[in-house]
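Structural features, examined
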Amino acid sequence: MNHLDELEAESIYILREAYKKFGKLGMLWSIGKDSTVLMWLAKKAFYGYCPFPFIHVDTTYKIPQMIEYRDKIAKELHIDLIVHTNEEAINTGMGPEHGRLVCCKALKTDGLQQVVEKYEFEGLILGVRRDEEGSRSKERVFSERNKDYEWDYTNQPPELWNQFKTDFPKGNHIRVHPILHWNEIDIWEYILRENIPLIDLYFARDGRRYRSLGCAPCTGTIESNATTIEEIIEELKHTKTSERAGRAQDQEDAYAMQKLRKDGYM
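Here the structure is a predicted model, which is why all the values come from computation and not from measurement.

**Things to note about the pattern of salt bridges**
- If you walk through the whole model with that rule in mind, you get 20 salt bridges.
- Notably, a salt bridge pairs lysine 44 with glutamate 8, separated by 2.7 Å at the nearest N-O pair. A residue pair is termed long-range when its members are at least 10 positions apart, and lysine 44 in helix α2 (residues 33-45) and glutamate 8 in helix α1 (residues 3-21) qualify at 36 residues.
- Here arginine 205 and aspartate 200 are joined by a salt bridge, their closest N and O atoms 4.0 Å apart.
- Given the relative accessible area of 61%, arginine 205 is considered exposed.
- Of the residues examined, aspartate 200 reaches a relative accessible area of 46% and is grouped as partly exposed.

Next comes the structure, spelled out in structure tokens:
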């Protein structure tokens, strides 16, 4: 069993444990590479059928090609997809000009809480990784949120030797992170091996490409000539720039993401 086989096996085990232990679950799909790999793993875990609906929190500010790709793939793969927008916030004019953290909370965090309450999800499955960003490195595979969806990152159970706590007080909200142990190069090597369809925004055009995808006003490109997956992997082996350097909301505050995630951000 090679490195990718081991990563895949552990992720599939986590997905099956979550399905066994918890009630109604939903899986977030941001349309990016990580959540698309997670979607692929879920189909493998349940032999081609995914028992969870996919959720996309649409801020209405996403890069337009992302929405085109979302709708195309959802139709081709027959995905049970829930698309939700915080219409109340949009109707009051919410946008990044109000402050990026304020906007993220209203359109992403609050939007996510609305969809959880509407569909009565007991837990959510997300494609976050420890190496992606500092606050995510503090996460657990099975991560508890209180009844207000708040995360107490100072009080979490250890997950030593892959022993996971899966018993939580009824009524609390659970986040499940099946690819927390993967890194960025693992993701790209797995996409290459499995031939996973991916949005072409990740591939260089005119010397620039997206390394991380999000809302158009807050997501920048990087200099790159990588037009294939092999070239992206080689580029990542030599880069000294963080993966989310192009995400403007991360630059608002040294603890921006930690503050957002503490309040229930994805």
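**A short note on empty space enclosed by the protein**
- Per the stated rule, a full pass over the model turns up three cavities of 30 Å³ or more.
- Elements with a minimum of two residues in the lining of the largest cavity: α2 and β2 (54-57).
- Residue classes in the lining of the largest cavity are distributed as ten nonpolar, seven polar and nine charged.
- Shared between two domains, the lining of the largest cavity holds at least three residues of each, these being domain 1 (3-183 + 253-263) and domain 2 (200-250).
- Along the wall of the second largest cavity there are 13 residues; nearest its centre are Cys103, Cys104, Lys108, Cys215 and Cys218.
- Residue contributions to the lining of the second largest cavity reach at least three from each of two domains, namely domain 1 (3-183 + 253-263) and domain 2 (200-250).

**Topic: the layout of surface pockets**
- Empty space within the largest pocket amounts to approximately 210 Å³.
- Around the largest pocket, the lining residues are Gln65, Asp200, Leu201, Phe203, Arg205, Arg208, Arg209, Tyr210 and Thr221.
- For the lining of the largest pocket, the residue count by class is three nonpolar, two polar and four charged.

**A word on the sheet that holds strand β4 (residues 123-125)**
- Spatially, β3-β2-β1-β4-β6-β5 is the arrangement adopted by the six strands of the open sheet, whose pairing is mixed. On the outer flanks of this sheet lie β3 (81-84) and β5 (142-145), each paired with one strand and no other. Between one strand and the next, the sheet's axes are offset by a mean angle of 30°, whatever the strand orientation.
- Note: strand β1 (residues 25-28) against β2, two bridges, orientation parallel. Residue methionine 27 lies in a different strand from β2, and its bridge partner there is phenylalanine 54.

Conventions and cut-offs
- Residues numbered from 1 in each chain as written.
- Predicted model: local features only at pLDDT ≥ 70, side-chain atom pairs only at ≥ 80, totals over all residues.
- Heavy atoms only, no water.
- Salt bridge = Lys/Arg side-chain N within 4 Å of Asp/Glu carboxyl O.
- Helix = DSSP H or I, 4+ residues; strand = E, 2+ residues; numbered from the N terminus.
- Buried < 20%, exposed > 50% of the residue type's maximum accessible area, 1.4 Å probe, protein only.
- 1 Å grid on protein atoms, 1.4 Å probe; cavity = no way out; pocket = protein on both sides within 12 Å on 5 of 7 lines; lining within 4 Å.
- Points joined across faces, edges and corners; volume = space filled by probe spheres on them.
- Nonpolar A, V, L, I, M, F, W, Y, C, P; charged D, E, K, R; others polar.
- Domains from an automatic or database assignment.
- Pairing = 2+ DSSP bridges.
- Axes fitted to C-alpha atoms, helices over the stretch in contact; angles between N-to-C directions.

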